[in-house]
Amino acid sequence: MSRKWTTAAVAGALVAVGATAFVLVGGLPAAETPAAAGSSLAAVTADVTKATLIDKESHDGSLGYGDATALAARLSGTVTWMPTTGATVKRGESLYKVDSDPVVLMYGSMPAYRSLASGDKGTDVKQLEKNLWALGYRGFTVDSEYTSSTAEAVEQWQEDLGLEETGTVELGRVLFASGPVRIASHTVEKGAAVQLGTEVLQTTATGRVATVELDVADQRLAKKGAKVDVTLPDGTTVPAKISGVETTVEQAENPNDDDVTKIQVTIAFSKAPAGLNEASVAVLFVASQRENVLTVPVNALLALAEGGYGLQVVDGGATRIVAVETGLFADGRVEVSGGGLAEGMKVGVPA
């Protein structure tokens, strides 16, 4: 649900305020107007201030680990071991075991698509070598060539894992991800027979994120890198940042209805909220921002008889009503301009 001031929302209220607290004049006076002329000295005044106004909208979201990714088997056999749900798997550790042999996680952006052996060249070779080096297996140059030295390091790695020491990395023995993964769920149970392409696990990132689903009309709020505030169930508000924006299409259940396009926003924390895994949250997005503008309290605005808004400027014991243009409404204040306004002036505020 959005919480913000809008010009339309305050217009009706301002007419009532102006009608009861001030005489609405047909033509604005060019100079100071005596109180007897319909502009009595205000009992309460407020300063015209220069400030940055930030209009925010609140939308419901959820705290969790983001979307899950399916991991499919690239080796056939029987699943003999799986990590517990919620466990974190890091580089060099087992994602699961097939026929008692581990399927190992390594880091990288390129998925494995072939077996690797001496004589092979390519980006995938360099990616493998970077991981071997990071795991402490050395004696080769990290480049795009799979040499005999690379094969020797692979044999050492295979020996430590209890694998046959072939010096060749078979397709399916290693799966690559951008970093550590969290086991979200098991798609099959231990003891299940799997074939090439059988889904085995669902994984997520290890860091908690907030996700918000926005309507297309609110797409302006979803700017990658933009700062947001997230209110947790205990009322604590923590800073965060939009880390991802994705357009999704929800297919209509009824063939006669149109599909619905949504904006999926992922929000990352510099420090994950403690003690929470999954929860409902409220996310405050910046809808608009105006820097270094003149502002007054919203209830200082007067609805003028000829249309638009004005302010009662108080100068010592005299007052005058000036017409103003309104801009952004936020946090009970409004951007104003015109009427010879300047920072530090005082304006009347209806009681």
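For the structure, see preceding data.
Residues numbered from 1 in each chain as written. Predicted model: local features only at pLDDT ≥ 70, side-chain atom pairs only at ≥ 80, totals over all residues. Heavy atoms only, no water.

Tracing the backbone through its elements, the reader meets Gly197 in the loop between β10 (193-194) and β11 (199-204). For the pair Gly197 and Leu71, spaced 126 residues apart in sequence, the C-alpha to C-alpha distance is 8.8 Å. Discounting residues that sit within four places of it in the chain, Gly197 has contacts with Ala72 and Ala73. (Helix = DSSP H or I, 4+ residues; strand = E, 2+ residues; numbered from the N terminus. Contact = heavy atoms within 4.5 Å.)

With that out of the way, let us pick up the nonpolar core. Nonpolar side chains in soluble globular proteins tend to be buried together. Residues Leu214, Val228, Val230, Val265, Ile267, Val283 and Phe285 are the most contacted members of the largest nonpolar core, which totals 21 residues. Counting residues per element, the ones that place at least two in this core are β12 (209-215), β13 (227-231), β14 (237-250), β15 (260-268) and β16 (279-297). Ranked by the residues each element gives to this core, the list is headed by β16, at five residues. Residues contacting Leu214, with those up to four places away along its chain left out, are His59, Leu221, Ala222, Lys262, Ile263, Val265 and Phe285. (Core = buried A, V, L, I, M, F, W, Y, C linked by side-chain atoms within 4.5 Å. Buried < 20%, exposed > 50% of the residue type's maximum accessible area, 1.4 Å probe, protein only.)

Moving on, we get to the environment of Gln289. Along the polypeptide, Gln289 turns up in strand β16. Given a relative accessible area of 41%, Gln289 falls into the partly exposed group. Counting along the chain gives 234 residues from Gln289 to Asp55, while the straight-line C-alpha distance between them is 6.1 Å. When residues no more than four places from it in sequence are discounted, the contact partners of Gln289 are Thr52, Leu53, Ile54 and Leu328. Looking at Gln289, its side chain comes within polar contact range of the side chain of Glu291, at 3.2 Å. (Polar contact = N/O pair within 3.5 Å; in protein donor to acceptor, adjacent residues only side chain to side chain.)

If you trace the four strands from one edge of the open sheet to the other, you get β3-β11-β9-β5, paired in antiparallel fashion. Of all strands in the sheet, those with a lone pairing partner are β3 (69-72) and β5 (88-89), marking the two edges. As defined by bridge partners, β5 adjoins strand β9 (residues 181-186) across two bridges and the pair is classed as antiparallel. Paired with Thr88 across the strands is Arg182, a residue of β9. (Pairing = 2+ DSSP bridges.)

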